[in-house]
Amino acid sequence: KAYMEEEETSLKLRQPRPQHWYTMAVGRSKFQISLTTNTQSKEIGCEIYIRGKEAKEAFAQLKQQKEPIESALDKLEWHELPDGQDCRIKQTFNGDSKNKEQWGTLHYWLKDKSETFYEVFAPIIKTLNF
């Protein structure tokens, strides 16, 4: 959060909590941008997380626009999560968040990806019809 504030992000930030993810609003309830860290696999991620009973329908509508979305963001992982009702669309980056020497690179990637995810997904999410 401090890095993003110093770099003057346009995203609305909340108070961080002691967990392996950090969420930000994307302009519609049940949708969020989630930044994650996985210390075991040594990777960080940025994703659109979709919750609730309409998540599968929203995911399907977003996936219909996969080509233009990925042309703006590069290849994404599209996880429908069939065993639950939630879905996610994710991109990852290799890096060890426990290694302070990597923090500058990792923070830059998270800021850049979260802002780009917002720019690409927010207008589309606001027009979804379900």
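Criteria and cut-off values
- Residues numbered from 1 in each chain as written.
- Predicted model: local features only at pLDDT ≥ 70, side-chain atom pairs only at ≥ 80, totals over all residues.
- Heavy atoms only, no water.
- Phe/Tyr/Trp six-rings, centres within 6.5 Å; stacked < 30°, edge-to-face > 60°.
- Helix = DSSP H or I, 4+ residues; strand = E, 2+ residues; numbered from the N terminus.
- Salt bridge = Lys/Arg side-chain N within 4 Å of Asp/Glu carboxyl O.
- Buried < 20%, exposed > 50% of the residue type's maximum accessible area, 1.4 Å probe, protein only.
- Arc of directions from axis to C-beta.
- Contact = heavy atoms within 4.5 Å.

A. Structural view of the packing of aromatic side chains. Within the structure shown, the criterion is met by four aromatic pairs. Between phenylalanine 31 and phenylalanine 130, the ring centres sit 6.4 Å apart and the planes meet at 45 degrees, which makes this aromatic pair tilted. In this pair, phenylalanine 31 sits in strand E2 (residues 31-38) while phenylalanine 130 sits in the segment after helix H4 (103-127), placing the two residues 99 residues apart along the sequence. Consider the rings of phenylalanine 117 and phenylalanine 121, whose centres lie 5.5 Å apart with planes at 45 degrees: the pair is tilted. Taken together, the positions of phenylalanine 117 and phenylalanine 121, both in helix H4 and four residues apart, correspond to about one turn of that helix.

B. The arrangement of the pattern of salt bridges in detail. The final tally for this structure, using the stated rule, is three salt bridges. A salt bridge links glutamate 47 to arginine 88, with the nearest nitrogen and oxygen atoms 3.1 Å apart. You can see glutamate 47 sitting in strand E3 (residues 43-50) and its partner arginine 88 sitting in strand E5 (residues 87-94), a full 41 residues away along the chain. The salt bridge involving lysine 111 is made with glutamate 115; its shortest N-O contact spans 3.0 Å.

C. A look at helix H2 (residues 55-63). When H2 is considered as a whole, its buried residues turn out to be Ala55, Ala58, Phe59, Gln61 and Leu62. The arc enclosing the buried residues of H2, seen along the axis, measures out at 165 degrees, which places them on a common side. Looking at the packing, one finds that the buried side of H2 touches E2, E3, helix H3 (66-73), strand E4 (77-79), E5 and H4.

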